[in-house]
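Below are the chains, spelled out letter by letter.
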Amino acid sequence: MHPATQPPRAIRELPDELISQIAAGEVVERPASVVRELVDNALDAGATQIALRLLAGGVRLISVEDNGVGIPATELPVALKRHATSKITSLTELESVGTMGFRGEALAAIQSVSELSVLSRTAAQDSAMLLDGRTGELQPAARAQGTTVEVKELFYSTPARRKFLKTDNTELAHCVEAVRRHALTRPEVGFAIWHEGKLVEQWRSQTLDATSGEDRQLHYQRALDRRLADVLGDDFLQNSVAVHYQSGHVTVVGRAGIPDAARSRADHQFAYVNGRYVRDKVITHAARSAYEDVLHGHRQPIYALYVEIDPTRVDVNVHPTKIEVRFRDGREVHQAVRHAVENALAVPRANMLMAHALENHELPMVGTSLVPPAAPAWPNAHWQQAAMPLAGTRVSDVGALWQPTPPTHLAAEEQTAQSFAPSAFSAASTPAPSLQDAAPETWPLGKAIAQLHGVYILAENAQGLVLVDMHAAHERIVYEQLKTQIDAQRISSQPLLIPATFPATAQEVATAEACAEALQALGLEISTLSSKTLAVRAVPSTLAQGDAVALARSVLAELSQHDASTVVQRARNELLATMACHGAVRANRKLTLDEMNGLLRQMEVTERSDQCNHGRPTWRQLTMRELDALFLRGR
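Residues numbered from 1 in each chain as written. Predicted model: local features only at pLDDT ≥ 70, side-chain atom pairs only at ≥ 80, totals over all residues. Heavy atoms only, no water.

Novice: Explain the overall build of the protein here, please?
Specialist: Helix and strand counts for the protein stand at 20 helices and 22 strands. Considering the protein as a whole, with its 635 residues, one finds that 49% of them fall into the buried category. Long-range pairs, those at least 24 residues apart, make up 70% of the contacts in the protein between residues at least 6 apart in sequence. Accessible surface computed for the protein: about 31200 Å², of which carbon and sulfur atoms make up 53%. (Helix = DSSP H or I, 4+ residues; strand = E, 2+ residues; numbered from the N terminus. Buried < 20%, exposed > 50% of the residue type's maximum accessible area, 1.4 Å probe, protein only. Contact = heavy atoms within 4.5 Å. Areas by Shrake-Rupley, 256 points an atom, 1.4 Å probe, with all protein chains shown as cover.)

See the structure below:
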């Protein structure tokens, strides 16, 4: 019968059990949802060891054991009631909540769709107490301090929900993933997962010697790195760079994967806010925008980012499963995450690999000429390109490398923007000193030894052989120099002779009116003609030849959600990338050894020089071990 044809019913209160089952539909989607809620409670109880035991992928049994503070016997019956919690007592505490759980719904919702029991003991009790969730019976039992929550026959009272579950292996994988997300942010806690009596995963607690004198941040960072390697594999640590950035109320730490480690799926992207795993559009968009300049195609970056922010500036009470958050100032968080990842990726990787090799004594020491690159400090501002300790050689002396391409190959707008080209393009009159007698161990990218087919530079360094795509490398160098020149100037605005009008949505009109100052700072002037029409009266000078309406729409869309400066920056960078591609040294051009070495030295001090403007790699390292394997040496 159609609902509209049913006889009217009286409005009445629902029974408590049905209310809990409705709540369970929001909180308990599958066994992994139960695991997440119970592990949250264990962590809030101060546990340092958590064991998860499963049967049939968690459908027949979910048991979470911890060594936390335990639940007093008098509070056990209350713990299973709806909206009963020890985490908060007032609205003020809710607005600044720092615990994983706080809603007081999980245990009651789980109990309504399963057979639940809680075994717990505090330090003050002589014995543990076991509570049967179905009968409410409380009896003494044996257990050390801590809590064990058992959930049997999930969805037994709602068989329709049980039909939507997948195979045992699929549900097990989701349970393991739920624990893995907790493990990645709590290195001081040990986790063990058992399925059908067999150990599936174990991550031991990570600690450092407290007497080592290291500060708390370094202590945590090293423990976190070891946990990341244990959970995600050593490859994740080797193919990522450290992130540490602080701006205003936001601190961002963690690791960002290098572009070469990008994947086809976004399954290695982990974002945390105050220790809580979240799926947040602001953070995801910010991280992705940081990779725009170095990532090839539609591949997905890998990262584990930990955002710390004042709890009063983030609302975690926006989703029943607490996996979504809302920031008071989303732009502040967006800018912090984007700058944090951009700064980490900007450091040339060749220098970092050299420093790592020095720390592990993997390089031979050649006299006193070996100067290890300084480890990058992580200030609040952008990483600055520092001068390399070259043996009396200046890159600016290699004048032949910077000859400009004849302007006949450039479009009109590119010739206009050529005024931003760096002074390094002008040929220097002083010839470069010879570098052929320098020790190759001195430089991360080594000493050039040959050119292959006018396309690749072959160089020798301490680890082995370096292959460089000279056009791609020079393209990035020119591109970064152009960006640096433009960034040093204020964004100038060029009025349009005829304003470009376009029909606008209510959201676009409201954003244009509310963010007029932000738009002006970006070189845009957008005025309101009517409640449904906007006019673009001025655009950034470097983008005067582009589509003004398309630019305005993109900026307004970003400004309503994130940081709109990325739109202007993206459009500007596309123009500069085209200019850099035309201005870079061409393939099949013969270079002298001094010119090749000059290019290598520039790569070592240029931000993001590991990828060209299109995200492709500019150089590759073949170690002696890899070369020996090609010729079966040592076998």
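Novice: What should I look at first to understand the side chain of Gln111 in this one?
Specialist: You can see Gln111 is positioned in helix H5 (residues 106-112). You can call Gln111 buried: its relative accessible area is 17%. In contact with Gln111, not counting residues within four places along its chain, are Leu80, Leu116, Gly133 and Arg134.

Novice: Looking at this structure, how should I read the nonpolar core?
Specialist: What tends to happen in soluble globular proteins is that the nonpolar side chains get buried as a cluster. With 90 residues, the main nonpolar core has Val35, Leu38, Ile50, Ile62, Val151, Phe191 and Ile283 as its most contacted residues. Here Ile50 is in contact with Val39, Ala42, Leu43, Val64, Glu65, Asp66, Val189, Gly190, Phe191 and Ala192, once residues within four sequence places are set aside. Judged by nonpolar contacts, the second largest core, of 21 residues, contains Leu543, Ala552, Leu556 and Leu559. (Core = buried A, V, L, I, M, F, W, Y, C linked by side-chain atoms within 4.5 Å.)

Novice: What exactly am I supposed to notice about helix H2 (residues 31-44) here?
Specialist: Think of an α-helix as 3.6 residues a turn; residues three or four steps apart then line up on the same face. Taking 1.5 Å per residue as the helical rise, H2 with its 14 residues ought to reach 20 Å, and the 20 Å between its terminal C-alpha atoms agrees with that figure. Burial analysis of H2 places 12 of its 14 residues in the buried class, the great majority of the element. Turning to H2, its buried residues number three or more, namely Pro31, Ala32, Ser33, Val34, Val35, Arg36, Glu37, Leu38, Val39, Asp40, Ala42 and Leu43. Directly after H2, the chain includes Gly46, whose backbone phi takes a positive value near 80°. (Expected span 1.5 Å × (residues − 1).)

Novice: How should I be thinking about the packing of aromatic side chains in this particular structure?
Specialist: The geometry of two aromatic rings is summed up by the distance between their centres and the angle between their planes. Enumeration over the complete set of coordinates arrives at 2 aromatic pairs. Their ring planes at 70° and their centres at 5.6 Å tell us that Tyr272 and Tyr277 sit as a pair that is edge-to-face. Here Tyr272 and Tyr277 have matching classes, each one buried. On the numbers, 5.0 Å between centres and 10° between planes, the contact of Tyr272 with Tyr306 is stacked. Of this pair, Tyr272 sits in strand S11 (residues 269-273) while Tyr306 sits in strand S13 (residues 303-309), and the two are 34 residues apart along the sequence. We classify Tyr272 as buried; its relative accessible area is 1%. Here a set of aromatic residues connected by ring pairs shows up, and it is made of Tyr272, Tyr277 and Tyr306. (Phe/Tyr/Trp six-rings, centres within 6.5 Å; stacked < 30°, edge-to-face > 60°.)

Novice: I would appreciate a short explanation of the pattern of salt bridges in the present structure.
Specialist: Between side chains of opposite charge, a pair can form when the charged atoms approach closely. Going through the model one piece at a time under the given rule, you end up with 23 salt bridges. Glu177 is the salt-bridge partner of Arg180, the closest N and O atoms lying 2.6 Å from each other. Of this pair, Arg180 and Glu177 are both found in helix H7 (residues 168-183), 3 residues apart, which corresponds to roughly one turn of the helix. Of the charged contacts in the structure, one is a salt bridge between Glu177 and Arg181, with a shortest N-O distance of 3.4 Å. (Salt bridge = Lys/Arg side-chain N within 4 Å of Asp/Glu carboxyl O.)

Novice: Just to check I follow, could you spell out the side chain of Arg30 for this structure?
Specialist: Structurally, Arg30 is set in the loop between helix H1 (16-27) and H2. On the accessibility criterion, Arg30 (18% relative accessible area) is buried. Polar contacts involving the side chain of Arg30 include one to the side chain of Glu171, which spans 3.0 Å. (Polar contact = N/O pair within 3.5 Å; in protein donor to acceptor, adjacent residues only side chain to side chain.)

Novice: Would you mind showing me how to read helix H8 (residues 216-232) here?
Specialist: End to end, H8 covers 24 Å across 17 residues, agreeing with the expected 24 Å (1.5 Å per residue, within 8%). Of all the residues in H8, the buried ones are Gln221, Ala223, Leu224, Asp225, Arg227, Leu228, Ala229, Val231 and Leu232. In the stretch just after H8, Gly233 is the one whose phi turns positive, near 100°.

Novice: Looking at this structure, I do not really get the pairing of strand S1 (residues 49-55). What am I missing?
Specialist: One face of the sheet, then the other: side chains in a regular strand alternate in exactly this way. Where S1 lies against strand S7 (residues 190-195), 6 bridges are found, and the strand directions are parallel. For Leu54, the partnering residue across the bridge sits in S7 and is His195. Here 6 bridges tie S1 to strand S2 (residues 61-66), and the two strands are oriented antiparallel to one another. Residue Ala51 lies in a different strand from S2, and its bridge partner there is Glu65. With antiparallel pairing between neighbouring strands as the criterion, S1 and S2 make up a hairpin whose turn holds 5 residues, including Ala56 at a positive phi of roughly 55°. (Pairing = 2+ DSSP bridges.)

Novice: What exactly am I supposed to notice about the confidence of the model for the protein here?
Specialist: Residues at a pLDDT of 70 or more form 77% of the protein, whose mean pLDDT is 78. Model confidence for the protein, summarised as mean pLDDT per element, is weakest for helix H13 (residues 412-417) at 38 and strongest for S7 at 96. Low pLDDT, under 50, characterises residues 364-438; the predicted model gives this stretch 130 contacts beyond four residues in sequence or across chains. (pLDDT = per-residue confidence, 0-100.)

Novice: Would you mind going over the sheet that holds strand S5 (residues 138-141) with me for this structure?
Specialist: Hydrogen bonds between backbone atoms are what pair the strands of a sheet, whose relative direction is either parallel or antiparallel. Strand order in the open sheet made by the 8 strands is S5-S4-S3-S6-S2-S1-S7-S8, with mixed pairing throughout. The open sheet has two edge strands with one neighbour each: S5 and strand S8 (198-203). Along the sheet, successive strands turn relative to each other by an average axial angle of 15°, direction set aside. Judged from the 6 bridges that link them, S2 and strand S6 (residues 146-152) form a sheet pairing that is antiparallel. Across the sheet, Ser63 pairs through a bridge with Glu150, a residue of S6. (Axes fitted to C-alpha atoms, helices over the stretch in contact; angles between N-to-C directions.)

Novice: Teacher, can you tell me more about unusual backbone geometry here?
Specialist: The general pattern is negative phi for most residues beyond glycine and trans for most peptide bonds. Phi angles above zero are rare outside glycine, and His453 is one such case at about 55°. Relative to the helices and strands, His453 resides in the loop between strand S16 (447-452) and strand S17 (456-461).

Novice: Sorry, what's going on with the environment of Gly68 here?
Specialist: Examined against the element boundaries, Gly68 turns out to sit in the loop between S2 and helix H3 (76-79). Overall, Gly68 belongs to the buried group, its relative accessible area being 2%. Counting along the chain gives 20 residues from Gly68 to Thr48, while the straight-line C-alpha distance between them is 7.2 Å. Those residues in contact with Gly68 that sit more than four places away from it in its chain are Ala45, Gly46, Ala47, Gln145 and Gly146.

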